[in-house]
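Chain and residue survey
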Amino acid sequence: MSVVRERTAPRPLTRPPRRPRGPSPRATMSGAWPYLLVAPAVLGMLYLLVYPLARAVLISFQDFGLRQLILGDAHFTGFDNYTTLLSDPRFWTVVRRTFLFMAVNVVLIMVLSTLVALMVERLGRIWRTVVLSALVLTWAMPVVAATTVFQWLFHSEFGIVNHTLTGLGFSSFDGYPWLAHGPAAFAILVTLVVWQSIPFAAITLYSALTTVPADLYEAARIDGASGPRIFRSITLPIVRPIFMLVLSLEVIWTFKAFVQIWVMTRGGPGDATTILPVYAVQTALSGQRYDLGAAASMVTVLLMSGVLVAYFRQMFRQEGER
């Protein structure tokens, strides 16, 4: 048998198929995936933060009372609400009190928290753990619970403060009504806000102090620098960004303090503890004037923003001069 080999024609050369131009669907999907992941958080933030702010701005330009709240037939009045608000002498008294309240709280918070942070840095491991744990527990206490505790501490009949002062021989404090006197109520609220704010500021400043190289301290001590000089020339310039951040946050938090004042005094006695957030709520609830309350809230936001802008401009100017 003979094997017959068949000749096969050579296969024609074919070019590989061209890939379609543009990104593939898989690449497009992978590029959009991060945005899809953060979309729920962004939408939630827009709904919880941006929408209420926009709604408050809208109401501040409307005639919006109880009737409009129920029926929804509010109409625009332009800047009439702001004119009424800014022409009220009580409003400007509240503005001055708000700035005083903010300044006293921020100064005390920053000074005391800096001292606590410096103390924690110099403690041993065991005592450092004890102090930091106490700060965290204080920080974790709910605001309403802490305010209620302070109410009982300064209660006129059953408060431990009056009982202690009376036991020490100060008989004039027997049944002394702390919250019925304006300066005393103001001082108690300042003490409460400072006590609640120190843990966050102290822990944050302590974490910043741990980033300062120990060699700088040792070299400064060898050169004979004192403690205040070391803090002013070495520590503060290094921790300045964190220090300024904490200061800005405390300005915001004390400027808009509301829960402590509303739970303890509701702005009283009289107007002794009324600041802008409390004034806005009082205006909205007392006469069902939600438009004036919204206008007061917007003025509060503008004043707080103006304080922060002026502060940051001064800070950046000082940084640029160095």
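As a convention, each chain's residues are numbered from 1 in the sequence order in which they are written. pLDDT decides what is reported in this predicted model: residues at 70 or higher carry local features, side-chain atom pairs at 80 or more are listed and counted, and totals for whole chains, interfaces and linings draw on all residues regardless. Neither water nor hydrogens contribute to the side-chain values; these are computed over all heavy atoms in the structure.

Observations concerning the overall build of the protein
- When its secondary structure is counted, the protein shows 13 helices and zero strands.
- Per the convention used, a helix needs a DSSP run of H or I reaching at least four residues, while a strand needs a run of E reaching at least two, with both numbered from the N terminus. For the protein, the succession of helices and strands along the chain, N to C, is α-α-α-α-α-α-α-α-α-α-α-α-α.
- Within the span of the protein, comprising 322 residues, buried residues form 33% of the whole.
- Here a residue-residue contact requires only that any non-hydrogen atoms of the pair lie within 4.5 Å. In the protein, 66% of the contacts between residues at least 6 apart in sequence involve partners at least 24 apart.
- Working note: accessible area of the protein is about 20800 Å², and carbon and sulfur atoms make up 68% of it. Accessible area is worked out with a 1.4 Å probe on protein chains only. A residue is then buried under 20% of its type maximum, exposed over 50%, and partly exposed in between. The method behind every accessible area is Shrake-Rupley, applied with a 1.4 Å probe, and residues are considered shielded solely by the protein chains displayed.

What about the side chain of Thr147?
- By the element assignment, Thr147 lies in helix α6 (residues 143-153).
- Here a polar contact is recorded for every N or O atom pair within 3.5 Å, except that within protein the pair must consist of a potential hydrogen donor and a potential acceptor, and residues adjacent in sequence are included only if both atoms are side-chain atoms. At 2.8 Å, the side chain of Thr147 and the backbone oxygen of Val143 are in polar contact.
- Each residue touching Thr147, except ones within four places of it in the same chain, is listed here: Leu192, Gln260, Val263 and Met264.

A few points about the pattern of salt bridges
- Salt bridges are identified by distance alone: a Lys or Arg side-chain nitrogen within 4 Å of an Asp or Glu carboxyl oxygen. Here the structure, examined in full by the defined rule, presents four salt bridges.
- Where Arg67 meets Asp73, a salt bridge forms, and the shortest distance between an N and an O atom there is 2.5 Å.

Remarks on the nonpolar core
- As used in this record, nonpolar core signifies buried Ala, Val, Leu, Ile, Met, Phe, Trp, Tyr and Cys residues forming a set joined through side-chain atoms within 4.5 Å. By size, the foremost hydrophobic cluster in this structure holds 63 residues, and its most contacted members are Leu85, Phe91 and Phe101.
- A per-element tally of this core places helix α8 (residues 182-209) first, with 15 residues.
- Excluding residues within four positions of it along the chain, Leu85 makes contact with Phe91, Tyr279, Ala295, Ala296 and Val299.

Notes on the packing of aromatic side chains
- Two aromatic rings, drawn from Phe, Tyr or Trp (for Trp, its six-membered ring), form a pair once their centres lie within 6.5 Å of each other, and the interplanar angle then sorts them: stacked below 30 degrees, edge-to-face above 60, tilted otherwise. For the structure on display, the rule yields 19 aromatic pairs.
- On the numbers, 6.4 Å between centres and 75 degrees between planes, the contact of Phe64 with Tyr290 is edge-to-face. With a gap of 226 residues between them, Phe64 in the loop between α1 (25-60) and α2 (66-71) and Tyr290 in helix α13 (residues 290-321) connect regions that are remote in the sequence.
- The structure contains a cluster of three or more aromatic residues connected by ring pairs, namely Phe150, Phe154, Phe170, Phe173, Tyr176, Trp178 and Trp195.

A closer look at α6
- Looking at α6, one finds that the buried residues are Ala146, Thr147 and Phe150. On an axial view of α6, the arc spanned by its buried residues comes to 100 degrees, and they lie on one face.
- Here the buried face of α6 lies against α8 and α11 (259-264). The reported arc concerns the directions from the helix axis to the C-beta atoms and nothing else.

A short note on the environment of Val120
- With respect to the helices and strands, Val120 occurs in helix α4 (residues 89-122).
- Val120 sits 82 residues away from Ala202 along the chain, and the two C-alpha atoms are 8.9 Å apart.

A few points about the packing of α4 against helix α10 (residues 227-255)
- Orientation is described by lines fitted to C-alpha atoms, with helices fitted over the stretch in contact, and by angles between N-to-C directions that extend from 0 to 180 degrees. Closest axis-to-axis distance for the α4/α10 pair is 10 Å, and the angle between their directions is 140 degrees. In terms of orientation, α4 lies oblique with respect to α10. Crossing hand, α4 versus α10: right-handed. From α4, Thr98, Phe99, Phe101, Met102, Asn105, Val106, Ile109, Met110, Thr114 and Leu118 reach across to α10, where they touch Phe231, Phe243, Val246, Leu247, Glu250, Val251, Thr254 and Phe255.
- In the contact of α4 with α10, the residues fall into 13 nonpolar, four polar and one charged. Any angle that falls under 35 degrees is termed roughly parallel, while one over 145 is termed roughly antiparallel, one within 65 to 115 roughly perpendicular, and all others oblique. Two helices crossing with the near one rotated counterclockwise from the far one by less than a right angle form a left-handed crossing, whereas a clockwise rotation gives a right-handed crossing. Here the term charged refers only to Asp, Glu, Lys and Arg, the term nonpolar to Ala, Val, Leu, Ile, Met, Phe, Trp, Tyr, Cys and Pro, and the term polar to all other amino acids, Gly among them.

Digging into the packing of helix α9 (residues 214-222) against α10
- Viewed as axis vectors pointing N to C, α9 and α10 meet at an angle of 165 degrees, and their least axial separation amounts to 11 Å. The angle between the axes of α9 and α10 places the two elements in the roughly antiparallel class. Helix-helix and strand crossings are classified by hand; for α9 and α10 the assignment is right-handed. Taking contact as the criterion, the partners of Leu216, Tyr217, Ala220 and Arg221 in α9 are, on α10, Ile230, Ile234, Thr235 and Ile238.

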